[in-house]
Amino acid sequence: MALASVVKVVLGSIAFAIFWVLAVFPAVPFLPIGRTAGSLLGAMLMVVFRVLTPDQAYDAIDLPILGLLFGTMVVSIYLERADMFKYLGMMLSWKSKGAKDLICRICLISAISSALFTNDTACVVLTEFVLKTARQHNLPPHPFLLALASSANIGSSATPIGNPQNLVIAVQSKISFGNFLIGILPAMLVGVFVNALILICMYWKLLSIQKDEEDVAVEVFSEEEMNSHRFSPATLSHNSQEWNSRLELMAVQSPPHLSGNMGHVEALRNRAISSETEIQKDPIVTLDSARNSNASKEAAKDVSTQVKEETIPSKRVASMDRLRDALSVRSSEGKEDFTTKWKKLLWKSCVYLVTIGMLIALLMGLNMSWTTITAALALVVLDFKDARPSLEKVSYSLLIFFCGMFITVDGFNRTGIPSTLWDLMEPYSRIDHVSGIAILAIVILVMSNLASNVPTVLLLGARVAASATAISATDEKKAWLILAWVSTVAGNLSLLGSAANLIVCEQARRAPQFGYTLSFWSHLKFGVPSTLIITAIGLALIR
């Protein structure tokens, strides 16, 4: 494609440059509007500068990619509600055999969950679990956070639903889910293993520190949590006599007030002495008064016993009624708890079955966008509730970002600059030679870190595929898979290389009680050798 007019080239380059700056640096001081607004601004400028017509801008939006992205986000939201990621987090520390074992577990679980539920989702929900596990083992969280982010990027390369750039490649190349998985899975598995090996070698001393003492804070918290649940109204006795005896026992065991008790004893002694002196003074009078008092006491006793005999049956009936009511309330609560647990277990099972059905349908080669949307709507219906709380968790800003990016990249393509640059590189980037694959990988690696991986795929995808088609049809598929592998693994090069890295960094910084800051240079020290080694190994395994 030849270069467009000078005016269109200049204006299109300005619009794309504004989009690129805001996409890579969303909080620049002169225009801190963020990535989403930056992509819409770039799209609007492409239309205002007449690089694209309004109809061409609408046609540039790829609805199948947006549908696939929306469906995977909704399914991930319902899987999170069904505690899928909670169970994955629990697997991190279950029967752990040390720090090196924990590194391997994090790499494996992060890679698998990213391949099935996207790398961003896996990083969002697993970061806090990783921080808690590292704290419980008295280990520095730095290598474990690197393991989570890097393995999430590597694992997401294996499937079309693993990350956004793979969604674009799967839709544009029309490679089926199964062929995509078979083509990259060996490279992904070896890449995860090598990534864990590099982490263990780089942080051998940190991971070899033995656990000298338990984390007291965690133990105290668990003990307090256990104690806080011991006292509840359901455990109180419904027998009033037993409750009164407990109160009396508590009163006896409580520390006495010495001065009050001594005064009470002295008063009793004074009353006894005075009664003895009165009896000795006038025995006859005292005898008569004693008889009268005894008679009155016996009469009162007869009346009281009669009243007691009359009131005891009524008290027994009342206590039995209270006991019956309490038992009925407790049994009804037990039935409600059992019913609630049964319904929740059934709902979770349905969520897992629908997800498995979605994966089977994708492996069978059904349309990926409509398969994920169908699974998402099936989960909405099975939930049998207002879907608004769940749908509000969908990242609509990401969908809008993609719309603006599609328009902006299409406008930049129409300037002819990408085609001209590719014409210069194409003779040296043919995938039928090892040197050509190496040059192509370096170009993808650099562009993915400068312009982000999704714009790189949109700019290079069709051109790389066309160049490979000129060689053979099988090489076209290989070219798409190479683009998917390198653009994804390139995200591990630096902290800004992928959204998954930034998510782990931000989630770790904001985590309550476990906050940790992952610096740019500490990530770069690991990212450069890891990315170069794993990219090279994967290129040798992709078929």
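Right above here is the structure, for reference.
In this report, we go over the structure that sits alongside the text. Keep in mind it's a predicted model, so treat the numbers as computed, not measured.

1. Thoughts on the overall build of the chain
From N to C terminus, the chain includes 24 helices and zero strands. Residue burial in the chain is summarised as follows: out of 543 residues, 42% are buried. Across the chain, the fraction of contacts at a sequence separation of at least 24, relative to all contacts at a separation of at least 6, is 78%. Accessible area for the chain stands at about 29900 Å²; split by element, carbon and sulfur atoms hold 66% of it.

2. Quick look at a nonpolar patch on the surface
Together, Leu353, Ile356, Ile360, Met364 and Leu366 line one region of the surface with nonpolar side chains, adding up to about 530 Å² of accessible area. Its location among the elements puts Leu366 in the loop between helix H15 (283-363) and helix H16 (368-383).

3. Regarding helix H18 (residues 396-414)
A rise of 1.5 Å per residue sets the reference length of H18, with its 19 residues, at 27 Å; its end C-alpha atoms lie 28 Å apart and thus fit the reference within 8%. Looking one or two residues beyond H18, the residue adopting positive phi is Gly416, at roughly 90°.

4. Quick notes on empty space enclosed by the protein
Remark: the empty space left among the atoms is shown by a probe the size of a water molecule rolled over them. In the structure shown here, the tally under the stated rule is two cavities of 30 Å³ or more. What the largest cavity holds in volume is close to 50 Å³. What lines the largest cavity is Thr72, Val75, Ser76, Leu116, Phe117, Thr118, Ile161 and Met358. Going through the elements one at a time, helix H4 (63-81) and helix H6 (99-117) are the ones with two or more residues in the lining of the largest cavity. The greatest single-element share of the lining of the largest cavity, amounting to three residues, is contributed by H4. Among the residues forming the lining of the largest cavity, the class breakdown is five nonpolar, three polar and no charged. The calculated volume of the second largest cavity comes to roughly 40 Å³. Along its surface, the second largest cavity is lined by Trp422, Ser429, Arg430, Ile431, Val464, Ser467, Ala468 and Ile471.

5. Some thoughts on the packing of H4 against H18
To characterise two packed helices, one gives the angle between the axes of the helices and the distance between these axes. Two elements in contact, H4 and H18, have axes whose closest approach is 11 Å; the angle formed by their N-to-C orientations is 165°. Relative to H18, the element H4 is oriented roughly antiparallel. Pair H4 / H18 crosses with right-handed handedness. The residues of H18 that touch H4, namely those facing Ile65, Leu66, Leu69, Phe70 and Met73, are Tyr396, Leu398, Leu399, Phe402, Cys403 and Phe406. Of the residues contributing to the contact of H4 with H18, the split by class is eleven nonpolar, no polar and no charged.

6. A closer look at the environment of Val125
The topology assignment puts Val125 in helix H7 (residues 119-136). On the basis of relative accessibility, which here comes to 12%, the residue Val125 falls in the buried class. The spatial distance from the C-alpha of Val125 to the C-alpha of Gln507 is 9.1 Å, given a sequence separation of 382 residues. Apart from residues no more than four positions distant in its own chain, Val125 is found in contact with Glu80 and Phe85.

7. A closer look at unusual backbone geometry
A positive phi angle is found at Lys174, which is not glycine, with a value near 60°. Counting through the fold element by element, Lys174 comes out in the loop between helix H9 (164-173) and helix H10 (177-202). What makes Lys174 exposed here is its relative accessible area of 71%. Phi at Phe384 takes a positive value of approximately 55°, unusual for a residue other than glycine. Here Phe384 is to be found in the loop between H16 and helix H17 (388-391).

8. Re the pattern of salt bridges
Using the criterion set out here, one finds seven salt bridges in the structure. Of the charged contacts in the structure, one is a salt bridge between Lys348 and Asp83, with a shortest N-O distance of 2.7 Å. Remark: Asp83 occurs in the loop between H4 and helix H5 (84-93) and Lys348 occurs in helix H15; sequence separation between them is 265 residues. Take Lys348: its relative accessible area is 11%, and that puts it in the buried class. Measuring nitrogen to oxygen at the nearest pair gives 3.1 Å for the salt bridge that ties Arg414 to Asp410. Linking Arg414 with Asp410, this pair stays in helix H18, spanning four residues, or about one helical turn.

9. Digging into the packing of H4 against H9
Where H4 contacts H9, the two axes come as close as 10 Å, and the packing angle between them is 135°. When the interaxial angle is binned, H4 and H9 end up oblique. Crossing of H4 over H9 shows right-handed handedness. Of the residues in H9, those in contact with Pro64, Ile65, Leu68 and Leu69 of H4 are Leu167, Val168 and Val171.

10. Considerations on the side chain of Asn501
Structurally, the position occupied by Asn501 is in helix H23 (residues 499-510). Residue Asn501 is classed as buried on the basis of its relative accessible area of 1%. Once residues within four sequence positions are removed from consideration, Asn501 is found in contact with Ala149, Asn153, Gly491, Asn492, Ser494, Leu495 and His523.

About the criteria used
- Residues numbered from 1 in each chain as written.
- Predicted model: local features only at pLDDT ≥ 70, side-chain atom pairs only at ≥ 80, totals over all residues.
- Heavy atoms only, no water.
- Helix = DSSP H or I, 4+ residues; strand = E, 2+ residues; numbered from the N terminus.
- Buried < 20%, exposed > 50% of the residue type's maximum accessible area, 1.4 Å probe, protein only.
- Contact = heavy atoms within 4.5 Å.
- Areas by Shrake-Rupley, 256 points an atom, 1.4 Å probe, with all protein chains shown as cover.
- Patch = residues over 30% accessible without salt bridge, like charges linked within 9 Å, V, L, I, M, F, W, Y side chains within 5 Å.
- Salt bridge = Lys/Arg side-chain N within 4 Å of Asp/Glu carboxyl O.
- Expected span 1.5 Å × (residues − 1).
- 1 Å grid on protein atoms, 1.4 Å probe; cavity = no way out; pocket = protein on both sides within 12 Å on 5 of 7 lines; lining within 4 Å.
- Points joined across faces, edges and corners; volume = space filled by probe spheres on them.
- Nonpolar A, V, L, I, M, F, W, Y, C, P; charged D, E, K, R; others polar.
- Axes fitted to C-alpha atoms, helices over the stretch in contact; angles between N-to-C directions.
- Parallel < 35°, antiparallel > 145°, perpendicular 65-115°, else oblique.
- Left-handed = near helix turned anticlockwise from the far one by under 90°.

None of this, on its own, says anything about what the molecule does.
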